[in-house]
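Given next are the chains, with one letter for each unit.
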Amino acid sequence: MGKLFVISGASGVGKSTVLKKVMAQRNDLQFSVSATTRDPRPGEEDGVHYYYVSKETFAQMIAEDAFVEYSAHAANYYGTPKAQLEERLKLGNVILDIEPNGAFQVMGKREDVVLIFIMPPSMEELSRRLCSRGDTSPEQIKIRLQRADWEISQSARYHHIVINDQVDACANEILEIIANAVDK
Ligand code: 5GP
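All figures in this text were calculated on a predicted structure; none of them were measured in a lab.

Chemist: Help me understand the pattern of salt bridges in this model?
Modeler: Opposite charge on two side chains makes pairing possible when the charged atoms of those side chains draw close. Throughout the structure, instances matching the rule amount to 14 salt bridges. The shortest N-O distance in the salt bridge between E44 and R41 comes to 3.9 Å. E87 is the salt-bridge partner of K90, the closest N and O atoms lying 3.3 Å from each other. Of the two residues, K90 and E87 both sit in helix α3 (residues 82-91), three residues apart, roughly one turn of that helix. On the basis of relative accessibility, which here comes to 58%, the residue K90 falls in the exposed class. We classify E87 as partly exposed; its relative accessible area is 45%. Salt bridges here are not isolated pairs; linked through shared partners, they connect R26, D28 and D183.

What follows is the structure in structure tokens.
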């Protein structure tokens, strides 16, 4: 069985860029594809970024106990399909990119999981990054910053906190955490 890693971090913290760098450095890491009720964004592909499902299908999957964890986030549902996770863990190590409610559900079920939280250098910098995207309304930015506040307040429950001040340094720190857990 492979090792399971959970990565969380607020919207705008640069998590997907860091994760891409981490995944590129290790071919024994697989990304678990979540199910979500939100619509695909431009450039996203079904089965690659997420499995895009209806609210009815998501509810059906909950009823069938098909999720390791699931949570509501920004008026949509997100969940980690159990069968897929088990399959991937048989093949190697797995990374889940999920928010804190889901992370703690996984921690309650699997004691060998490693939880990593990516922290922005400051709230000012997070706000600046969200604003500079240019595709997010001021109202949405406010909501995301409030949510970020809450996520950061949960970070003490993670095994590791890594600050994303500089992408390469952050990715290297995560690679070191993974190496320590897997290669020793
Ligand atoms: P986005 O809609 O921007 O792709 O993701 C929004 C949030 O949902 C992110 O914080 C992401 O980590 C989280 N998320 C993605 N997939 C899952 C999942 O399967 N379970 C949980 N609990 N959160 C998820």
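Chemist: Explanation requested: the site of the ligand in the structure shown.
Modeler: In the vicinity of the ligand there are 15 residues, among which S34, R38, Y50, Y78 and D97 approach most closely. One of the side-chain N or O atoms of S34 is found 2.6 Å from an oxygen atom in the ligand. At 2.5 Å from an oxygen atom of the ligand is found a side-chain nitrogen or oxygen belonging to Y78. With respect to the pocket detection grid, the ligand is positioned in the largest pocket. If you list the elements that add at least two residues to the shell around the ligand, you get β5 (67-73) and β6 (76-81). Classifying every residue of the shell around the ligand by side-chain character gives three nonpolar, six polar and six charged.

Chemist: Explanation requested: the packing of helix α1 (residues 15-25) against helix α7 (residues 167-182) in the structure shown.
Modeler: Each pair of packed helices gets described by two things: the angle between the helix axes and the distance between those axes. Between α1 and α7, the least distance of the axes is 9 Å, while the angle of their chain directions is 50 degrees. As summarised for this structure, α1 and α7 are arranged oblique, according to the angle between their axes. When the axes of α1 and α7 are compared, the crossing they make is right-handed. Here T17, V18, K21, V22 and Q25 of α1 lie close against α7, whose contacting residues are V167, D168, C170, A171, I174, L175 and I178.

Chemist: Mind showing me how you'd approach the layout of surface pockets here?
Modeler: To find leftover empty space, one rolls a probe the size of a water molecule over the atoms. Empty space within the largest pocket amounts to approximately 1,600 Å³. Listed by contribution, the elements that provide at least two residues to the lining of the largest pocket are β1 (4-9), α1, β5, β6 and α6 (138-153). Residue composition of the lining of the largest pocket, grouped by class: 13 nonpolar, 16 polar and 14 charged.

Chemist: Just to check I follow, could you spell out the sheet that holds β1 for this structure?
Modeler: One key point about sheets: their strands pair by backbone hydrogen bonds, in either a parallel or an antiparallel sense. Spatially, five strands are ordered β2-β7-β1-β8-β9 in an open sheet, and the strand pairing comes out parallel. Unpaired on one side and paired on the other, β2 (29-31) and β9 (160-163) mark the two borders of the sheet. Strand-to-strand twist of the sheet, defined as the mean angle between neighbouring strand axes without regard to direction, takes the value 25 degrees. Sheet topology places β2 next to strand β7 (residues 93-97); three bridges connect them, and they run parallel. When the bridges of β7 are listed, Q30 appears paired with V94. Strands in contact with α7 are β1, β2, β7, β8 (114-119) and β9; relative to β9, the strand with the most contacts, it is inclined by about 155 degrees.

What counts, and where the lines are drawn
- Residues numbered from 1 in each chain as written.
- Predicted model: local features only at pLDDT ≥ 70, side-chain atom pairs only at ≥ 80, totals over all residues.
- Heavy atoms only, no water.
- Salt bridge = Lys/Arg side-chain N within 4 Å of Asp/Glu carboxyl O.
- Helix = DSSP H or I, 4+ residues; strand = E, 2+ residues; numbered from the N terminus.
- Buried < 20%, exposed > 50% of the residue type's maximum accessible area, 1.4 Å probe, protein only.
- Near = heavy atom within 4 Å.
- Polar contact = N/O pair within 3.5 Å; in protein donor to acceptor, adjacent residues only side chain to side chain.
- 1 Å grid on protein atoms, 1.4 Å probe; cavity = no way out; pocket = protein on both sides within 12 Å on 5 of 7 lines; lining within 4 Å.
- Sits in = over half its atoms within 2 Å of the grid points.
- Nonpolar A, V, L, I, M, F, W, Y, C, P; charged D, E, K, R; others polar.
- Axes fitted to C-alpha atoms, helices over the stretch in contact; angles between N-to-C directions.
- Parallel < 35°, antiparallel > 145°, perpendicular 65-115°, else oblique.
- Left-handed = near helix turned anticlockwise from the far one by under 90°.
- Contact = heavy atoms within 4.5 Å.
- Points joined across faces, edges and corners; volume = space filled by probe spheres on them.
- Pairing = 2+ DSSP bridges.

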